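In case you want the letters, here they are:
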Amino acid sequence: MTRTILLTSFAISLCVELFSFNWAAAQEIQKYKHAAVVCAHPEAARVGVAIIKDGGNAVDAAIAVQFALAVVYPNAGNIGGGGFMMYRSKTGESDALDYRETAPGKASRDMYLDAKGNPVIDKSLLGALASGVPGSVDGMVKAHNKYGKLKWKKDIQPAIDLAEKGFAVTAQQAAELNRHKADFLKYNSKPVAFVKEAVWKEGDLLKQPQLAATLKLIRDKGRAGFYEGPVAAAIVAAMAHTQGIISEQDLKEYKSVWRKPVSGSYQNYTVISMPPPSSGGIALLTMLKQVGNYPLSRWGFQQDSTVQLMVEVERRAYADRASYLGDPDFFKVPQTALLDTNYIQSRIKGLSFEKATLSTDVKPGVLPGYESEQTTHYSIVDAEGNAVSATTTLNGSYGSLVVVDGAGFILNNEMDDFSVKPGSPNMYGLIGGEANSIYAGKRMLSSMTPTIIEKDGKLLMVVGTPGGSTIITSVFQTVLNVLAFGQGMQAAVAAPRFHHQWLPDDVTVEKGAIAPAARAHLQVKGYTFKERGSIGRVDAILVRPDGELETGADPRGNDTASGF
Ligand code: GLY
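Looking at an unreviewed UniProt entry, the protein chain carries the name Glutathione hydrolase proenzyme, with the source organism given as Pedobacter westerhofensis. As recorded by UniProt, the Pathway (unreviewed entry) comment attached to the protein chain reads in full: "Sulfur metabolism; glutathione metabolism." The record in UniProt for the protein chain states the following under Sequence similarities (unreviewed entry): "Belongs to the gamma-glutamyltransferase family."

Here it is as structure tokens:
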């Protein structure tokens, strides 16, 4: 089996949950007058809304949701991972927080290669050697210092209560915990809260006393409660079992970073998204600009020409991603050139609607003057109109599978998001180049695309999703479902999705995506389709013309909207 096939099936097994839901129920509209929170777990959504009702703003709610997800959604919610947060104030200022993990100080370019120079698959995926230095706690502290309104302790307390008193696992969670039992036993030498002798059943209480103790230290000492003292010592001790390399110094030196968002227009909408080390913002803007001159709504939702154009712009965006995108603190990302209108249009010049372009014929573009699934997303609008769009991740489901003994949280396996070997695919089949090679202290390239859209200077949409390499295309499609095809937020989120990422040269599709006649036409033109389980779990909020907040909670998971 090739690395691509093996890794792709691994990624799918990690990221895909059963794709079965009641289509009519999945499109039921939920609206709120004042504030809304949409995220991957009902308990975390409840916590976020309670914080806003207590006078908190969107950032307070985001902090509470981030920590609550670390308890109630341990396969992606985290304090042992990282993420990106987009913020837009009620008066229209926007900001981007990068709390992505970094490569440990002892990391090196070829650390996941064998003696012959070939990638060793498990090394960058499983066990502590796969972990980057976690960024989530520092990120939440930074977000609170700049924008929080409530006391830090108040924002974190609900997560402590959930960890201490326990919460009832959903049917989906029970199945996932049972499926991963052997993995947890393999990668941990001490008992972990996620493993019990009997099988997990829906409604069973999951209590996490060690995690509660860690959260209390973070509550009382802020970042020092995590990056120094007993928790830092426990992280370093956890390295021993599977040859990890995170040191106390790495933890002490970790810093999240405020960055300038990328923004651009799609027709008369303004799209604000995450800059590098996310590839998502630039790719999303590029694709929206390319389709913006075509009559998508006349062609029709998921019809022949619409799908063809979207696939072709996705193909080109991912080819550019592989070469030009990486951590801007280590690699000179040609951001201005990539977002230049002439360059963007030149990428689809000569596009033929008669036949499929071959990915082998698509190379990264030539830039003028120029010498790169298991994640989770939450969207929040507070009672004043401030908005947060945040995506956070451990990378694979339950990350590295290493639970820090004594501290009760899971470490990420984000190192696989680097180009382990330039030109070789990662877990998601993504190819990368030198821009995304491993270097101590560097951030691995991400696809996470937390996004905010404005119309006429006013907040219109808050959107994002997990899904590894499919994140960017899922956001792209959801945005177009609303802006080009006039769908409501819930319908846009529920609609079946498709995805192309340059290599491999296939269109992956969810069941029901792309009208059968359109698919037949496209096959004749040379497109190949591969069906798979669910793609992404988009959680989004749309501000309707009457000011009400219409939510979109992805029916593919236990995603939940709440508000008042
Ligand atoms: N770990 C998935 C991403 O950041 O793209």
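**Description of the overall build of the protein chain**
Helix and strand content of the protein chain: 20 helices and 19 strands. The C-alpha atoms of the protein chain give 22 Å as radius of gyration, which agrees with the globular expectation for 564 residues (24 Å, within 12%). When its C-alpha atoms are laid out on the principal axes, the protein chain stretches across 60 × 60 × 45 Å. For the protein chain, the residues scored as buried account for 64% of the 564 residues in total. Per element, the accessible surface of the protein chain, about 19600 Å² overall, is 54% carbon and sulfur. The centroid of the 58 positive side-chain charges in the protein chain is displaced by 1 Å from the centroid of its 56 negative side-chain charges.

**Some remarks on the UniProt feature "binding site: L-glutamate" (unreviewed entry) in the protein chain**
The feature "binding site: L-glutamate" (unreviewed entry), as given by UniProt, occupies Arg100, Thr393, Leu394, Asn395, Asp417, Ser446, Ser447 and Gly468 in the numbering adopted here. Residue placement: Thr393 occurs in strand S11 (residues 387–395). Taking relative accessible area as the criterion, Thr393 reaches 1% and is therefore assigned buried. The residues contacting Thr393, other than those within four sequence positions of it, are Ala76, Asn78, Gly81, Gly82, Arg100, Glu101, Gln374, Thr375, Glu414 and Met448. Along the chain, the position of Leu394 falls in strand S11. Looking at Leu394, the relative accessible area reads 0%, which means it is buried.

**Description of the UniProt feature "active site" (unreviewed entry) in the protein chain**
Taking the UniProt record as the reference, the feature "active site" (unreviewed entry) is found at Thr375. Mapping Thr375 onto the fold places it in strand S10 (residues 374–381). Contact partners of Thr375, with chain neighbours within four places excluded, come to Ala76, Thr391, Thr392, Thr393, Asn395, Met448, Pro466 and Gly467. Of the polar contacts made by the side chain of Thr375, one reaches the side chain of Thr393; its length is 2.7 Å.

**Details of the sheet that holds S11**
Taking strand neighbours across the sheet as the criterion, the 7 strands line up as S7-S4-S3-S11-S10-S2-S19 in an open arrangement whose pairing is antiparallel. Because the sheet does not close on itself, it has two edges, and the strands there are strand S7 (257–259) and strand S19 (560–563). Neighbour-to-neighbour, the strand axes of this sheet turn through a mean angle of 15°, independent of strand direction. With 4 bridges connecting them, strand S2 (residues 36–39) and S19 associate as antiparallel partners. Considered in S19, the bridge of Val37 is made with Ser562. Its contacts with the sheet put helix H3 (residues 42–53) on S2, S10 and S19, and the angle it makes with S2 is roughly 155°. Lying over the sheet, helix H4 (residues 58–72) contacts S2, strand S3 (82–88), strand S4 (94–99), S10 and S11, oriented at roughly 150° with respect to S10.

**Topic: the packing of aromatic side chains**
Counting across every chain of the model gives 15 aromatic pairs. On the numbers, 5.1 Å between centres and 75° between planes, the contact of Phe184 with Tyr398 is edge-to-face. Neither Phe184 nor Tyr398 differs from the other in exposure class; each is buried. With 5.8 Å between their ring centres and 40° between their planes, Tyr294 and Trp299 make a pair best called tilted. What links up through ring pairs into an aromatic cluster is the set Phe226, Tyr227, Tyr254 and Phe409. One Lys or Arg, Lys146, reaches over the ring of Trp258 and ends 4.4 Å from the middle of that ring. A cation over an aromatic ring shows up here: Arg223 above the ring of Tyr227, its NZ or CZ 4.3 Å from the ring centre.

**A look at the pairing of S10**
For S10, a buried count of 8 out of 8 residues is recorded, marking the element as mostly surrounded by other parts of the structure. Neither face of S10 is left uncovered, since the one carrying Gln374, Thr376, Tyr378 and Ile380 and the one carrying Thr375, His377, Ser379 and Val381 both have all their residues buried. Relative to S10, S2 runs antiparallel, the two sharing 3 bridges. Within S10, the residue paired with Val37 across the bridge is Ile380. Examined bridge by bridge, S10 and S11 share 8 bridges and lie antiparallel to one another. Looking at the pairing, His377 lines up with Thr391 of S11. Counting the residues between successive antiparallel strands, the hairpin from S10 to S11 contains 5 residues, one of them, Gly385, with a positive phi of roughly 105°.

**Regarding the nonpolar core**
Formed by 152 residues in total, the largest nonpolar core has its most connected members in Phe67, Leu215 and Tyr378. With 13 residues, H4 is the single largest residue contributor to this core. Excluding anything up to four places from it in sequence, Leu215 contacts Phe67, Val71, Ile79, Ile156, Ala159, Ile160 and Ala163. Val38, Val462, Ile541 and Ala553 belong to the second-largest nonpolar core, a separate cluster that totals 20 residues.

**Some points on the confidence of the model for the protein chain**
Confidence in the prediction of the protein chain, expressed as mean pLDDT, is 93, and 95% of residues score 70 or more. Here residues 1–20 is modelled with pLDDT under 50, and outside its nearest four sequence neighbours on either side it reaches 47 contacts, counting other chains as well.

**Description of the environment of Ala76**
Within the element layout of this structure, Ala76 appears in the loop between H4 and S3. What makes Ala76 buried here is its relative accessible area of 0%. Each C-alpha atom, one on Ala76 and one on Ala40, is 9.4 Å from the other, the two residues being 36 residues apart in sequence.

**Let's talk about helix H17 (residues 341–348)**
Along H17, the positions that sit buried rather than exposed are Tyr343, Ile344, Arg347 and Ile348. For H17, the angular spread of the buried residues around the axis is 135°, confining them to a single face. On its buried face, H17 sits against helix H13 (280–291), helix H15 (304–324) and helix H16 (335–338). Its side-chain oxygen placed 3.1 Å from the backbone nitrogen of Asn342, Asp340 serves as the N-cap of H17.

**Quick word on the site of the ligand**
Within the structure, the ligand sits among Arg100, Thr375, Thr393, Asn395, Glu414, Asp417, Ser446, Ser447 and Met448. A distance of 3.0 Å separates an oxygen atom of the ligand from a polar side-chain atom of Arg100. Between Ser447 and the ligand, the recorded distance is 2.7 Å, taken from a backbone N or O atom to an oxygen atom. Considered on its own, the ligand offers 200 Å² of accessible surface; in the complex 99% of this is hidden by protein. Residues of the shell around the ligand, tallied by class, amount to 1 nonpolar, 5 polar and 3 charged.

Calculation notes
Along each chain, residues carry numbers from 1 onward, in the same order as the chain's sequence is written. Selection of residues for local features in this predicted model requires a pLDDT of at least 70, selection of side-chain atom pairs for listing and counting requires 80 or more, and totals for whole chains, interfaces and linings are taken over all residues. No hydrogens and no water enter the side-chain calculation; it runs on all heavy atoms of the structure. UniProt positions are given in the numbering used here, feature names are shortened, and annotations may be inferred rather than shown by experiment. Numbering goes from the N terminus for both helices and strands, where a helix is a DSSP run of H or I of at least four residues and a strand is a run of E of at least two. In this treatment the radius of gyration is a C-alpha quantity, and the globule benchmark scales as 2.2 Å times the residue count to the 0.38 power. Burial status follows relative accessibility: with a 1.4 Å probe on protein chains alone, a residue under 20% of its type maximum counts as buried, one over 50% as exposed, and anything between as partly exposed. All accessible areas in this document rest on Shrake-Rupley with a 1.4 Å probe, and a residue is counted as covered only by the protein chains that are shown. Only four residue types enter the tally: Lys and Arg on the positive side, Asp and Glu on the negative side, with His and both chain ends excluded. A charged residue contributes its charge at one atom only: NZ of Lys, CZ of Arg, CG of Asp or CD of Glu. Contacts were defined at the residue level, with two residues in contact if any of their heavy atoms lie within 4.5 Å. Under this definition, polar contacts are N or O atom pairs within 3.5 Å; protein pairs additionally need one hydrogen-donor-capable and one acceptor-capable atom, and for neighbouring residues in sequence, both atoms have to be side-chain atoms. By definition, two strands form a pair when at least two bridges between them are found by DSSP. Comment: axis = line fitted to C-alpha atoms, over the contacting stretch for helices; angle = value between 0 and 180 degrees taken between N-to-C directions. Aromatic pairs are defined between Phe, Tyr and Trp rings, using the six-membered ring for Trp, whenever the two ring centres lie within 6.5 Å; interplanar angles under 30 degrees are classed as stacked, those over 60 as edge-to-face, and all others as tilted. The rule for a charge over a ring is simple: NZ of Lys or CZ of Arg within 6 Å of the ring centre, and within 35 degrees of the ring normal. The criterion is simple. A nonpolar core is a set of buried Ala, Val, Leu, Ile, Met, Phe, Trp, Tyr and Cys residues joined through side-chain atoms within 4.5 Å. Scored between 0 and 100, pLDDT is the confidence that the predictor attaches to each residue. What the arc describes is the spread of directions from the helix axis to the C-beta atoms. If even one non-hydrogen atom of a residue comes within 4 Å of a molecule or strand, that residue is called near it. Three classes are used: nonpolar for Ala, Val, Leu, Ile, Met, Phe, Trp, Tyr, Cys and Pro, charged for Asp, Glu, Lys and Arg, and polar for all others, with Gly counted as polar.

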